[in-house]
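Below are the chains, spelled out letter by letter.
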Amino acid sequence: MTSAAEKPLSTPRRRAPIAITVAIIAALLIAFFVFAGFYSDFLWFDQLGYTGVLTTQWIAAISMFLIGFLGMALPVWGAIEIAYRLRPVYAKLSSQVDRYQQVVEPLRRLATYGIPALFGLFGGVAAASRWQLALLWLNGVPSGEKDPQFHLDVSFYLFDLPFFRAVVAFASAVILIGLIATVVVAYLYGGIRVVSREVWISMAARVQISIMAALYLLLQGVSLWLDQYTTLTDTGTLITGASYTDVNATIPGRVILAGIALLVAVLFIITAFTGRWRLPLIGTALLIVASLLVGSLYPWIVQRFQVEPNAKSLETQYIQRNIDMTRDAYGLSGVQEEEYNATTTAAPGALRKDAETTANIRIIDPALVSDSVAQLEQFKQFYSFNKQLSVDRYEIDGKTQDAVVAVRELNVAGLGSSQSWVNNTVVYTHGYGLVAAYGNQRSASGEPVFFESGIPTSGALGTFEPRVYFGEQSPKYSIVGAPKGTKPVELDYPSGTQGESQTYTTFDGDGGPKLDNVFKKLVYALKFQSEQIFLSDSVNDKSQILYDRDPLTRVEKVAPYLTLDSAPYPSVVDGRIVWIVDGYTTSADYPYSKTVSLSDTISDSVTPVQNYALDDVNYMRNSVKATVDAYDGKVTLYSWDDHDPILKTWQKIFPSTVKPMSAMSGQLMSHVRYPADLFKVQRAILGQYHVTNAGSFYSSEDAWVTPNDPQSTATEKKFQPPYYLTMQLPGQAAPSFSLYSTYIPRQGGDKSRNVLTGYLAVDANAGSEAGKRSDEYGKLRLLTLPKDDTVPGPGQVQNAFNSDPSVSSQINILKQGQTDVLNGNLLTLPVGGGLLYVQPVYVQSTGDTAFPLLQKVLVAFGDKIAFENTLDEALDVLFGGDSGASAGDGNVPGDAGSTPGTGTGTDNGTGGSTTPTTGDPTKDAELRSLLNDAKQAMLDKDAAMKSGDWAAYGAADTKLNSALASALALING
């Protein structure tokens, strides 16, 4: 029998193996979860063909972690170990220190290895997060441009200087932690003692502390030496970059301080052998005093008593550097600037020379018509459209046509109570089709006029793959694919008639990792925390799992070095729907270039504030055009700026991931456009840097800003966004797809003088030749208006629209009943020798089925206003009865019973409208009958849409178009 005294010992012995087993199992589970995450990432990248991007990141991060871990842990361990081994053997300790030692001694071995390991983990994580910095330094490509102060290649500031500063900061932290550890160990074990108010230090401790202090001061000297180069990217009160004070006081002062730090480091080395601390302590005090005198006081004296009284003359050279380098950094050195003496007189026939521009004026606002498109083209609640539609252009009947486009995406939230794992994951897997409407046309009832629409999709774009498995609103993940001969289970598109069977399909592309074995199913079941992936019969050996489906997410993962444009847009290219994404290479280290907040600069009334890893930038290039196939998710990167040193460097790091521009097809080139986010940054910079004379720049006598959106509220003012339009600027040979914005004077306070001072536009059309960019693409044109003219800005024009009595009375009529009036985007066009403002006006019901319909158009030129049913009528009214050109909506009749007529109006824009007549009573009767038929067809369309009877909807639409066409034929003779 076991004695009673032995029994208590048996329980811990039995529990120990259990605890160890539980710990091992827990560790294995954690390890498997971590492995599952890494393995699923590998499968995702491998399927896309970008495995090298992932493995390069892994290798770089692991290497940097090991370097950081060892670089921190080994020196700290060495400092602790040396301090302990060289401790005094017979040191007499005070009672207090002796108690500390008794507490620490049992844990000494653990602390000797544990403390360095803990700091090593911190160092490793910090170093691993800087893997991009290390790779850029190792692979940096010269830019061919030199800074004006030190005459070093700009790549030194982009790649080398940030890395050197990071290394010095890391090494300084290592030495400082090691020094502190040395002092603590020496104190605990008698190497440092306080005796009768005197500090006694053993020779071994003295040597170790002196050498480490010398190393620390040496690193500070290197840091001070590097700091002279950072003056070229520091933002001062006047400019970014080294000013007169920096060049003549700050930079020499930092060189002097670096020399003093080196001298003090030598004094500490001497102390290691002599044991005299007076000289290094005096040297340290001298360094502190010198940093105050040379580093702070002397530059202040130079600035206060030499520069400020003569700032304009002394700073001229450095202001000019800032102007030139800033314009280079943002791609603004080639801006074509010319004066535009805008007239404010709306003379008859003034638009005759601008007929092509006038015909392409976009009256469909992509920020307002999403609900209209949804009502007309959504069909089922599990489809949806983006709230902000995109502007693109297509060639239709041999003519390039601006278009408002949207993808009919899947929205599983619309399934309501029908949501289940099978429906959400296996059945409802994709959206369907691209919808495109003419930008310059409207239907009789104010709806967009589509040239591509419907389910199945049909229209002017021909045959293309309409299924959208990858989009901005795609589900978190879907499981698609099945063996050949299996009955399709994925809903392709709904039928148009009740009772008719739905159309199903099976994904046959290569869009995601295959779930062809039990292990992969288990990995993804853990990743998405769904046991159904592992257990469901719907998952077979041919299944693929589609995830990370947002175009921006996919491009961001395969090109982690890019900053992406906030607005990807869909296009039909070579028989596929693709998302086109603009990628930027950015930096905050370009010498003498102004720094801006990227998120704040691109934010406006249609673009919310974005979150960027690098928000403050002073260099930006649209270096990459990327496409994401909406069907299979394939990501393709194309080099767009072969001269960008940052892109060249990343191409060395990730070889063969970016294709040359020559690989781009002609159709893709025809849909590439100049990116809006880059344009917003450039317009913000040009608001100040359009002034290229240093003296004028210093005086800030001609600074501009982007006007606020006239539709933004007084409490939440936001910039007016730039707009895409096909137009011909003064000096251009022909109209071109362009992006434009306007300027008003910059003034202090809340009030600004809202008159136009400038008009900035860029040619956004890349051409249609395969692999070759148009010579005009990206050409920035800045029209400057005379300072003594008072051409009204957008705010003034909107105020004139709102306060005009005749316009107000008509808007009040439109508001009668349960309707709201919505103002569309206020466009500004340099036509007719002046500036024409165009604003579509929408009417929207306040009922359950509410979507905006374009009913009126406001136009202004100088101090004249017109408000008519169509843009064509409004222009004729505005320009004395004949504008000299026709707008794109010139052939659109009005609604039955309220048809636009000849557009007789007055100078204040309140032209009347009459029902058109043919002069023949018989034909007039026939015309009234046709208009009544059109009205009834519209009512039938609405009823069919509400009931979901799409066959009846199509029949009513055909009847409506036929009646309107016949009515037009009668009107036009």
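Computed from a prediction, not measured in an experiment: that's the story for all the values here. (Residues numbered from 1 in each chain as written. Predicted model: local features only at pLDDT ≥ 70, side-chain atom pairs only at ≥ 80, totals over all residues. Heavy atoms only, no water.)

Caption draft 1: View of a nonpolar patch on the surface. Taken together, the side chains of Ile211, Leu215, Leu218, Val222, Leu262, Val266, Ile269, Ile270 and Phe273 define a hydrophobic patch exposed on the protein surface, amounting to about 760 Å² of accessible area. With five residues, the top contributor of residues to the nonpolar patch is helix α8 (residues 244-274). As for its position among the elements, Ile269 is in helix α8. On the basis of relative accessible area, Ile269 is assigned to the partly exposed category, the value being 34%. (Patch = residues over 30% accessible without salt bridge, like charges linked within 9 Å, V, L, I, M, F, W, Y side chains within 5 Å. Areas by Shrake-Rupley, 256 points an atom, 1.4 Å probe, with all protein chains shown as cover. Salt bridge = Lys/Arg side-chain N within 4 Å of Asp/Glu carboxyl O. Helix = DSSP H or I, 4+ residues; strand = E, 2+ residues; numbered from the N terminus. Buried < 20%, exposed > 50% of the residue type's maximum accessible area, 1.4 Å probe, protein only.)

Caption draft 2: Spatial organisation of the nonpolar core. The biggest cluster of nonpolar side chains holds 134 residues, and the ones touching the most others in it are Tyr394, Ile533, Ile545, Tyr561 and Leu637. The dominant element in this core, judged by the number of residues it contributes, is helix α6 (residues 154-188), at eight residues. Formed by 59 residues, the second largest nonpolar core is a distinct cluster that contains Ile361, Leu729, Val791 and Val797. (Core = buried A, V, L, I, M, F, W, Y, C linked by side-chain atoms within 4.5 Å.)

Caption draft 3: Focus on the packing of aromatic side chains. Overall, the coordinates contain 44 aromatic pairs when judged by the stated rule. Relative to Trp58, the ring of Phe38 has its centre 5.5 Å away and its plane inclined at 80°; by these criteria the two rings are edge-to-face. Placement of Phe38 in helix α1 (residues 7-48) and of Trp58 in helix α2 (residues 51-85) is noted, with a sequence separation of 20 residues between them. The class of Phe38 is partly exposed, set by a relative accessible area of 42%. Connected via pairs of aromatic rings, a cluster forms that spans Phe32, Phe35, Tyr39 and Phe519. (Phe/Tyr/Trp six-rings, centres within 6.5 Å; stacked < 30°, edge-to-face > 60°.)

Caption draft 4: Fine view of the packing of α2 against helix α4 (residues 108-128). The N-to-C vectors of α2 and α4 enclose an angle of 150°; their axes lie 7 Å apart at closest approach. One finds that α2 runs roughly antiparallel with respect to α4. Between α2 and α4 lies a crossing of right-handed hand. (Axes fitted to C-alpha atoms, helices over the stretch in contact; angles between N-to-C directions. Parallel < 35°, antiparallel > 145°, perpendicular 65-115°, else oblique. Left-handed = near helix turned anticlockwise from the far one by under 90°.)

Caption draft 5: Molecular detail of the packing of helix α11 (residues 316-329) against helix α21 (residues 676-689). Remark: α11 packs on α21, axes separated minimally by 11 Å, with the N-to-C direction vectors making an angle of 160°. Comparing the axis directions of α11 and α21 gives the class roughly antiparallel. Crossing hand, α11 versus α21: left-handed. Every residue of α21 that contacts α11 at Asn322, Ile323, Thr326 and Arg327 is listed here: Ile685, Leu686 and Tyr689. Residue composition of the contact of α11 with α21, by class: four nonpolar, two polar and one charged. (Contact = heavy atoms within 4.5 Å. Nonpolar A, V, L, I, M, F, W, Y, C, P; charged D, E, K, R; others polar.)

Caption draft 6: Summary view of the sheet that holds strand β9 (residues 434-442). Taken together, five strands build an open sheet; the order of strands is β5-β6-β9-β10-β11 and the sheet is antiparallel. The sheet is open, and its two borders are formed by β5 (390-396) and β11 (458-459), each paired with just one other strand. Bridge analysis of β5 against strand β6 (residues 399-407) gives seven bridges, and the strand direction is antiparallel. Looking across to β6, one finds that Ser390 is bridged to Val405. (Pairing = 2+ DSSP bridges.)

Caption draft 7: Highlighting the pairing of strand β19 (residues 576-587). Counting buried residues in β19 gives eleven out of twelve residues, a clear majority hidden from the surface. With five bridges joining them, strand β18 (residues 569-573) and β19 adopt antiparallel strand pairing. Residue pairing across strands places Tyr569 opposite Ile580, the latter belonging to β19. When β19 meets strand β22 (residues 619-629), the two strands line up antiparallel, connected through nine bridges. Its bridge partner being in β22, Ser587 is matched across the sheet by Tyr619.

Caption draft 8: Representation of the pairing of strand β2 (residues 198-201) in the model. Here strand β1 (residues 192-195) runs beside β2; their pairing, made up of four bridges, is antiparallel. Note that in β2 the partner of Ile192 across the bridge is Ile201. Between β1 and the antiparallel strand that follows it, β2, lie two residues; Ser196 among them carries a positive phi value of about 50°.

Caption draft 9: Summary view of unusual backbone geometry. For the bond from Ile455 to Pro456, the omega torsion is -5°, close enough to zero to count as cis. Within the fold, Pro456 resides in the loop between β10 (448-453) and β11. Positive phi, close to 50°, is recorded for Asp548, a residue that is not glycine. If you check the backbone angles, Asp574 has positive phi at about 50° while not being a glycine. Its place among the elements puts Asp574 in the loop between β18 and β19. Accessibility expressed as a relative area gives 45% for Asp574, which makes it partly exposed.

Caption draft 10: Broad picture of α4. Taking 1.5 Å of rise per residue, the 21 residues of α4 would be expected to cover 30 Å, and the 30 Å separating its terminal C-alpha atoms lies within 8% of that figure. Restricting attention to buried positions, one finds in α4 the residues Arg108, Thr112, Pro116, Gly120, Gly123, Gly124, Ala127 and Ala128. (Expected span 1.5 Å × (residues − 1).)

Caption draft 11: Just the pattern of salt bridges, in detail. Tallied over the entire structure, the rule returns 22 salt bridges. Residue Glu308 pairs with Arg304 through a salt bridge whose shortest N-O separation is 3.7 Å. Given the relative accessible area of 45%, Glu308 is considered partly exposed. With a shortest N-O distance of 2.8 Å, Glu776 and Arg781 are connected by a salt bridge. For Arg781, a relative accessible area of 5% puts it in the buried group. Among the charged side chains, a salt-bridge network with shared partners connects Glu465, Arg467 and Asp492.

Caption draft 12: Spatial organisation of helix α19 (residues 645-653). Those residues of α19 lying buried are Pro645, Ile646, Leu647, Thr649, Trp650 and Ile653. If you follow the buried residues of α19, they end up packed against α2, α5 (131-139), α6, β19, β22 and β23 (635-639).

Caption draft 13: Fine view of the confidence of the model for the protein chain. Here the protein chain averages 88 in pLDDT, and 90% of its residues register 70 or above. Helix α3 (residues 95-104) is the least confidently modelled element of the protein chain, averaging 64 in pLDDT, while β23 averages 98, the highest of any element. In this model, residues 893-916 is a region of pLDDT below 50 whose contacts with residues beyond four sequence positions or in other chains number 66 contacts. (pLDDT = per-residue confidence, 0-100.)

Caption draft 14: Up close: the side chain of Asp889. By secondary structure assignment, the location of Asp889 is in the loop between α25 (871-878) and α26 (921-947). Buried and without a salt bridge, Asp889 has Arg442 as its closest oppositely charged side chain, separated by 5.8 Å. From its side chain, Asp889 meets the backbone nitrogen of Leu871 in a polar contact 2.7 Å long. A distance of 3.2 Å separates the side chain of Asp889 from the backbone nitrogen of Asp872, its partner in a polar contact. Not counting residues within four places of it along the chain, the set of residues in contact with Asp889 comprises Ile363, Asn440, Arg442, Thr870, Leu871 and Asp872. (Lys, Arg positive; Asp, Glu negative; His and termini not counted. Polar contact = N/O pair within 3.5 Å; in protein donor to acceptor, adjacent residues only side chain to side chain.)

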